[in-house]
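Residue-level structure breakdown
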Amino acid sequence: LNPALEHPFLERLARMGIRTAFCVPDKSSFVDQFRSMDACMAYLRTLAAKVVLMGQSRGAAVMSAYQAIAENGAGIFQGPDRHLPLPDLDLQAADGLMLLDANFGTTVMHLMSINPAKRDDNSIDPALDPLDPANGYGADGRRHYAPALRKAFLAAQRDRYRTYLDRAKDRLAAIEAGESPYADNEPFIIPDALGINNPPKLFAGDLGLLSRTKGEWPRIHPDGTITTGPVSCVRVDENNPQFAGRLGAAFVTTVKDYLWSAVDVDDAYDYNEDTLSGIDFESSLSCSTGNVSRITCPLLLMGHTGGYEYIAAEWSYERALSTDKTIAFLEGVMGAYFYPFGI
């Protein structure tokens, strides 16, 4: 199962005789996606003895959350500590899980992409502007943000996220009080806060950030050989200044999805070469790194060193509850749309 409508990786698996299925409307809510997956699971159980879930990037969050709920019940995402408890769900568990280049978490990526330099009147605070050469920006792609700038930027980013979270709670109260134009839910749009492409992301522009693993892991090279050692990122600068301020750079969701997937972040929020701190991965269903701590089925984790998401594979492997777990990194691959080994 895969939450994508088109995926060359699954096409290659099909050529090998492995039955594959596309599922989950990409733009639907998490709850609707879980229900769609369960319906697909029920159908596939009539065709095959074993069913394995596969998700890439955001899809890894969806698939890992589904499996965590299926194994443990929706209660893991309910209770007074949740910003909005999930409704009851009775889901059928899969027999295995593959997470390909999982992101840090849908909401974590949103948090890390918020531009705190943009004020409410759309002016830019020069002290926090990640596109200002005085703050470490280099148009040639060689960028280095000083620790003091990073600390101030991330603190402001964290505070802005908390403001959005409070705003979503206010809108939920309005919905429940019948004071919203919508009876059940409503759109929730945050400018310049999408998890891809928009330029405020410090770690995407500064290639020294989140650039290496702590441990030593298998790395699969383009010629098919495998070596073991620390894994470094080989990405290039992925920020796109022209993308900022456009609708396509906005984080477009709904009030309920925002609250269902909200992540808890504390004052220790920071990151460096190999660590992301201050994030409670288990607080959000959108974080595969937290979800795998509740999953017991066999688990495959793959990171792609051509992009910054690759390092999440290490974080997940270290937290994974499964005793049958495997990790590997694909050298130079970005995303999950090209596999060089004839899979």
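Our structure is the block above this text.
Here's what I pulled together on the structure shown here. (Residues numbered from 1 in each chain as written. Predicted model: local features only at pLDDT ≥ 70, side-chain atom pairs only at ≥ 80, totals over all residues. Heavy atoms only, no water.)

1. What to know about the overall build of the protein
Heads up, the condition is: Numbering of helices and strands starts at the N terminus; helices are DSSP runs of H or I of at least 4 residues and strands are runs of E of at least 2. In this description the radius of gyration comes from C-alpha coordinates, and the expected globular size is given by 2.2 Å times residues to the power 0.38. The rule is simple: take the accessible area with a 1.4 Å probe, protein chains only, and divide by the maximum for that residue type; under 20% is buried, over 50% is exposed, in between is partly exposed.
When helices and strands are counted, the protein shows 9 helices and 10 strands. The C-alpha radius of gyration computed for the protein amounts to 20 Å, which stays within 12% of the reference 20 Å derived for 343 residues, consistent with globular compactness. Along the three orthogonal principal directions, the C-alpha set of the protein runs to about 60 × 55 × 30 Å. The buried share of the protein, taken over its 343 residues, is 55%.

2. Details of helix α1 (residues 8–15)
Put simply, the rule is: Directions are taken from the helix axis to each C-beta atom, and the arc is the one they span. What makes two residues a contact is simply this: any of their non-hydrogen atoms within 4.5 Å.
Along α1, the positions that sit buried rather than exposed are F9, L10 and L13. Each buried residue of α1 lies within a common arc of 95 degrees when the element is viewed along its axis, so the set occupies one face. Residues of α1 that are buried make contact with β1 (52–56) and β2 (96–100). Backbone geometry just after α1 places G17 at a positive phi near 95 degrees.

3. Focus: the nonpolar core
The line we're drawing: In plain words, nonpolar cores are sets of buried Ala, Val, Leu, Ile, Met, Phe, Trp, Tyr and Cys residues tied together by side-chain atoms within 4.5 Å.
Counting residues in hydrophobic clusters, the biggest one holds 89 residues, and the most contacted among them are F34, F104 and Y271. The dominant element in this core, judged by the number of residues it contributes, is helix α5 (residues 147–176), at 9 residues. Setting aside chain neighbours within four positions, we find F104 in contact with M109, M112, F203, L210, F281, C287, Y308, E309, I311, A312 and W315. Counting 11 residues, the second-largest nonpolar core is a separate cluster that includes M98, I220, M302 and L330.

4. Quick word on the sheet that holds strand β5 (residues 226–232)
Here is the rule we go by: A strand pair is defined by DSSP finding two or more bridges across the two strands. Lines fitted to C-alpha atoms define the axes here, with helix axes fitted over just the stretch in contact, and angles between the N-to-C directions of these axes take values from 0 to 180 degrees.
The sheet built from 6 strands is open, its strands ordered β1-β2-β9-β10-β4-β5 with mixed pairing. The sheet terminates laterally at β1 and β5, the two strands that pair on one side only. Neighbour-to-neighbour, the strand axes of this sheet turn through a mean angle of 30 degrees, independent of strand direction. Note: β1 against β2, 5 bridges, orientation parallel.

5. Here's the deal with the packing of helix α2 (residues 30–44) against helix α3 (residues 58–72)
Note the following rule: Reported orientations rely on four angle classes, namely roughly parallel under 35 degrees, roughly antiparallel over 145, roughly perpendicular from 65 to 115, and oblique for the rest. Should the near helix be turned counterclockwise from the far one by less than a right angle, the crossing is left-handed, whereas a clockwise turn marks it as right-handed.
Two numbers describe how α2 lies on α3: the axes approach to 10 Å, and their chain directions differ by 70 degrees. Accordingly, the angle class assigned to the pair α2 and α3 is roughly perpendicular. Helix-helix and strand crossings are classified by hand; for α2 and α3 the assignment is right-handed. Contacts between α2 and α3 involve F30, Q33, F34, M37, D38 and M41 on the former and, on the latter, R58, V62, M63, A65, Y66 and I69.

6. Brief notes about the side chain of S284
Where we set the bar: Polar contacts here mean pairs of N or O atoms no more than 3.5 Å apart (in protein, one a potential hydrogen donor and the other a potential acceptor; neighbouring residues in sequence count only if both atoms are side-chain atoms).
Along the polypeptide, S284 turns up in the loop between β8 (276–280) and α8 (288–291). Here S261 takes part through its backbone oxygen, which lies 2.5 Å from a polar atom of the side chain of S284. Among the polar contacts made by the side chain of S284, one reaches the side chain of S286 at a distance of 2.8 Å. If near-sequence neighbours (up to four positions away) are discounted, S284 is found in contact with F77, R82, T107, S261, A262, V263 and N291.

7. Re α3
So the rule is basically this: Given a helix with a known number of residues, its expected span is that number minus one, times 1.5 Å.
The terminal C-alpha atoms of α3, which comprises 15 residues, lie 21 Å apart, in line with the 21 Å expected from a rise of 1.5 Å per residue. The element α3 is extensively covered by neighbouring structure, given that 12 of its 15 residues are classed as buried. What α3 keeps buried is the set G59, A60, A61, V62, M63, S64, A65, Y66, Q67, A68, I69 and A70. Buried-residue contacts for α3 involve α2, β1, β2, α4 (106–111) and α8. Two residues or fewer past α3, G73 is found with a positive phi of approximately 95 degrees.

8. Some words on the pairing of β2
Judged by how many residues are buried, β2 sits mostly within the fold: 5 of 5 residues are covered. Neither face of β2 is left uncovered, since the one carrying G96, M98 and L100 and the one carrying L97 and L99 both have all their residues buried. Here 4 bridges tie β2 to strand β9 (residues 299–304), and the two strands are oriented parallel to one another. Considered in β9, the bridge of L100 is made with M302.

9. With respect to unusual backbone geometry
A positive phi angle, close to 75 degrees, is found at N122, a residue other than glycine. Along the chain, N122 turns up in the loop between α4 and α5. For D192, which is not a glycine, the phi torsion comes out positive at approximately 45 degrees. Within the secondary structure, D192 is located in the loop between β3 (187–190) and α6 (202–205). Residue class for D192 comes out buried when judged on its relative accessible area of 3%.

10. Describing the environment of D159
Inspection of the secondary structure assignment puts D159 in helix α5. Look at D159 and you get partly exposed, because its relative accessible area is 36%. It is 9.6 Å that separates the C-alpha atoms of D159 and V265, two residues lying 106 residues apart in sequence.

11. Overview of the packing of aromatic side chains
Two numbers describe a pair of aromatic rings. These are the distance of the centres and the angle of the planes. Inclusion rule: Stacked, tilted and edge-to-face are the three classes applied to pairs of Phe, Tyr and Trp rings, where Trp contributes its six-membered ring and a pair requires centres within 6.5 Å; stacked means planes under 30 degrees apart, edge-to-face means over 60, and tilted covers the rest. Two thresholds decide whether a charge sits over a ring: the Lys NZ or Arg CZ must be within 6 Å of the ring centre and within 35 degrees of the ring normal.
All chains considered together, the criterion is met by 13 aromatic pairs. Centroid distance F104 to Y308: 6.4 Å. Interplanar angle 50 degrees. Geometry classified as tilted. Linking F104 in the loop between β2 and α4 with Y308 in the loop between β9 and α9 (312–319), this pair joins segments that are 204 residues apart in sequence. For the pair F104 and Y308, a shared accessibility class is recorded, and that class is buried. Members of the aromatic cluster, joined through ring pairs, are F104, F203, Y269, Y271, F281, Y308 and W315. Positioned above the aromatic ring of Y317, the side-chain terminus of K325 is 4.6 Å from the ring centre.

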